[in-house]
Amino acid sequence: MISLGEAIQHSIDAAFFLTDTEKIYFTDSLNRILAEDIIADIDIPSFNKSAMDGYALRKEDINHPLTILQVVQAGDNPIRELPPQHCVKIMTGARIPDNANYVAKIEDTYIDENGFVRIKHIENKSNIRFKAEDTKKGDVILNKGCLIRAQEIATLATLGKTVVSVHQTPTVSIASTGNELVEPHNIPTDYQIRNSNAYQIIAQCLQMKINPLYDGIIPDNETITSEQIQQLTEKSDVVILTGGVSMGDFDFIPHAIRKIGFDIIFQSIAVQPGKPTLMAQKDKKTIFGLPGNPVSSFLQFELIVKPFLFKLMGHNYRPIELYLPLAQTYHRKKAERTSLVPVKIHDRSVIPVEYHGSAHLFSLNDASGFIIIPSGITSIESGTYVNVRLFSS
Ligand code: AMP
Ligand code: MG
């Protein structure tokens, strides 16, 4: 049995190669991983522009009555040279005349009885967004390995980067194991349950923009298990299985995996829930055997599988964590293993959700994340600050 930290490190180390890259249209790149640095093809802003609706003028004219020469709308090409004691009425985003160095915002001005613009309040900022003040042509704006979110899509649009190189998503096959399982559209008999793990893992992959193949339920039969896993490893880079990893008479996964020549990197983690978690590898093919209990398989995917899949695509996954106080004292009886405790956040403090154990799938519906309690610790006082690792959305 290894520690959770060791298991996470083994998983990251096992992602020793990168998937190939492909070029896609930028609007399709949401949640993909960038495979090239993105370099500014222009200065941003690319011209001196007004940050306000107001009047663009030469600062030396500020105490004079000013004649309005033009009304300049965003997108207009303005006069380049303001004569003395003149200004242009200007809108936010419009280019200012080259010799204007101040924009008086409209609220700070009035029109006098002779029709001249007068400035009644002078600010100590110019209200001008100067050419290249954000970014210079040639600057690296996004680094390869970054996860493309909505704001990166906007960045790509601004830089005219309409075709972008991203890492291919690994091919992933998912299968459940267990004679007790039926698919969700069935009504289980009084000795069966519905298969939830496969659909949860499919959804966790889809959140990462990985479109997995689903291969159904593998019965608890030793020969069939190794044959089917063999087939899955032939068609996919990564195989994710659930159930059949622990100590029962019909938990055939570790044996089946060895039989088809894979090296087991670990098969038991000192963590609760999630002890029977397995990882195996043969060349560039990887198998994860996640626990059958749904809370365990969910959390072990987040902790062990997700960083591995991201690293294959060149991304160094950093989950979002919040550092907040516990709303109530937490106790547990046994402390040999690290514990994962599903929690919600209310009034900026952390409340463990009702949780009956690793089979209690619905506990996760109330949870916004989980806390990790190290082995050896049986209680944490109310008010103690803890790290909450948020679930992805
Ligand atoms: P196992 O690891 O195969 O012994 O399974 C542990 C527990 O998880 C058992 O109660 C199983 O019935 C349950 N389980 C296994 N696979 C699934 C699944 N795909 N969906 C929901 N529960 C499961
Ligand atoms: Mg089973």
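Sequence positions are assigned chain by chain, starting from 1 and proceeding in written order. For naming, the first written chain is A and the first written ligand is 1, with later ones following in the order written. Under the rules for a predicted model, residues below a pLDDT of 70 receive no local features and side-chain atom pairs below 80 are neither given nor counted, while totals for whole chains, interfaces and linings still include all residues. Remark: hydrogens and water are excluded; side-chain values derive from all non-hydrogen atoms of the structure.

A. Expanded view of the packing of aromatic side chains. Here a pair means two rings of Phe, Tyr or Trp (six-membered ring of Trp) with centres within 6.5 Å. Their orientation is stacked below 30 degrees between planes, edge-to-face above 60, and tilted elsewhere. Counted according to the given criterion, the structure contains 9 aromatic pairs. Ring centres of F16 and F17 lie 5.1 Å apart, and the angle between their planes is 70°; on these two criteria the pair is classed as edge-to-face. Summarising the aromatic geometry, the rings of F298 and F391 are spaced 5.1 Å apart at their centres and angled 85° between planes, so their arrangement reads as edge-to-face. Linking F298 in helix 6 (residues 294-312) with F391 in the segment after strand 28 (385-390), this pair joins segments that are 93 residues apart in sequence. As far as burial versus exposure is concerned, F298 and F391 are alike and both buried. Among the aromatic side chains, those forming a connected cluster through ring pairs are F298, F370 and F391. Secondary structure elements are taken from DSSP: a helix is a run of H or I of four residues or more, a strand is a run of E of two residues or more, and numbering for both begins at the N terminus. The classification of residues rests on relative accessible area computed with a 1.4 Å probe and restricted to protein chains. Under 20% of the type maximum is buried, over 50% is exposed, and intermediate values are partly exposed.

B. Examining the pairing of strand 26 (residues 369-373) more closely. Where burial is concerned, most of strand 26 is hidden: 4 out of the 5 residues are buried. Of the strand pairs in this sheet, strand 24 (residues 338-346) and strand 26 are connected by 5 bridges, and their pairing is antiparallel. From the neighbouring strand, V343 faces strand 26, where its bridge partner is G369. Pairing between two strands requires that DSSP report at least two bridges joining them. Here strand 26 pairs with strand 28 via 2 bridges, running antiparallel. Counted as the bridge partner of F370 is R389 from strand 28.

C. Main features of the domain arrangement of the protein chain. Each domain's extent is set by a domain assignment, obtained either automatically or from a database. Split by domain assignment, the protein chain resolves into domain 1 (4-19 + 170-312), domain 2 (23-43 + 136-167), domain 3 (49-129) and domain 4 (321-390). Here domain 1 and domain 4 have C-alpha centroids that lie 25 Å from each other. Whether two residues are in contact is decided by their heavy atoms: any pair within 4.5 Å suffices. Counting from both sides, the interface comprises 16 residues of domain 1 and, opposite them, 15 residues of domain 4. Here, a salt bridge means any Lys or Arg side-chain nitrogen found within 4 Å of an Asp or Glu carboxyl oxygen. Run the count over domain 1 and domain 4 and you get 0 salt bridges. Under the rule applied, a polar contact is a pair of N or O atoms within 3.5 Å (in protein, one hydrogen donor and one hydrogen acceptor; residues adjacent in sequence only if both atoms are side-chain atoms). Here domain 1 is connected to domain 4 by 7 residue pairs in polar contact (both at pLDDT 80 or more). Those elements giving two or more residues to the side of domain 1 that touches domain 4 turn out to be strand 19 (271-272) and helix 6. Looking at which element gives the most residues to the side of domain 1 that touches domain 4, the answer is helix 6, with 8 residues.

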